[in-house]
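Given next are the chains, with one letter for each unit.
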Amino acid sequence: LNRIACCFRMGYDRDVEKHILAEKIGDDRITAQVIQFRDAIRGHIKEGKLTSPFSTAHIVHIANMYRIFGDIGKAIYYVVFEFLLPEEKAIYNEQAMVILSKDLLKEFTQNNIDYM
């Protein structure tokens, strides 16, 4: 680290993310749920409980998949869950149960399939 000359701290613009959701989804209730989910996940990241980032790209992809699936739980699951470390899925799922009232792991995990 002593060879690094400087460090720039980058972040995510919360207002831009909210605008993206509002424009793409067009439903204030769903937008609020995604914002609440984002805030909860980022809170866990700040606390060191999660290491996988939750970026603006996730917000865009969730909004796009919601438009395709018409189900915010399904959109979040397929955009986020398959990219998580196994130990992080439980924390994400707990937040989904609190915010969306859905057990995404139970609903979308297919136990009869061998994934390679």
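Please read all numbers here as calculations on a predicted model, not as lab measurements.

So, on to the overall build of the protein. Tallying secondary structure elements over the protein gives 6 helices and 0 strands in all. Shown N-terminal to C-terminal, the secondary structure of the protein runs as helices and strands in the order α-α-α-α-α-α. Dimensions along the principal axes, computed over C-alpha positions, put the protein at roughly 50 × 35 × 25 Å. Each of the 116 residues in the protein was classed as buried or not, and the buried ones make up 38%. The contacts of the protein with a sequence gap of at least 6 include a subset with a gap of at least 24, amounting to 59%. Of the roughly 7,800 Å² that the protein leaves accessible, carbon and sulfur atoms contribute 53%.

Cut-offs and rules
- Residue indices follow the written sequence of each chain, beginning from 1 at its first position.
- Restriction of local features to residues with pLDDT of at least 70 applies here, the model being predicted, together with a cutoff of 80 or more for giving and counting side-chain atom pairs; totals for whole chains, interfaces and linings are based on all residues.
- For side-chain calculations, the full set of non-hydrogen atoms in the structure is used, while hydrogens and water are omitted.
- Only DSSP runs of H or I with at least four residues qualify as helices, and only runs of E with at least two residues qualify as strands; both kinds are numbered from the N terminus onward.
- Partly exposed residues are those whose accessible area sits between 20% and 50% of the maximum for their type, while under 20% is buried and over 50% is exposed, using a 1.4 Å probe and protein chains only.
- Should any heavy atoms of two residues lie within 4.5 Å, those residues are considered in contact.
- For every accessible area listed, the method is Shrake-Rupley and the probe measures 1.4 Å; residues are considered covered only by the protein chains on display.

None of this, on its own, says anything about what the molecule does.
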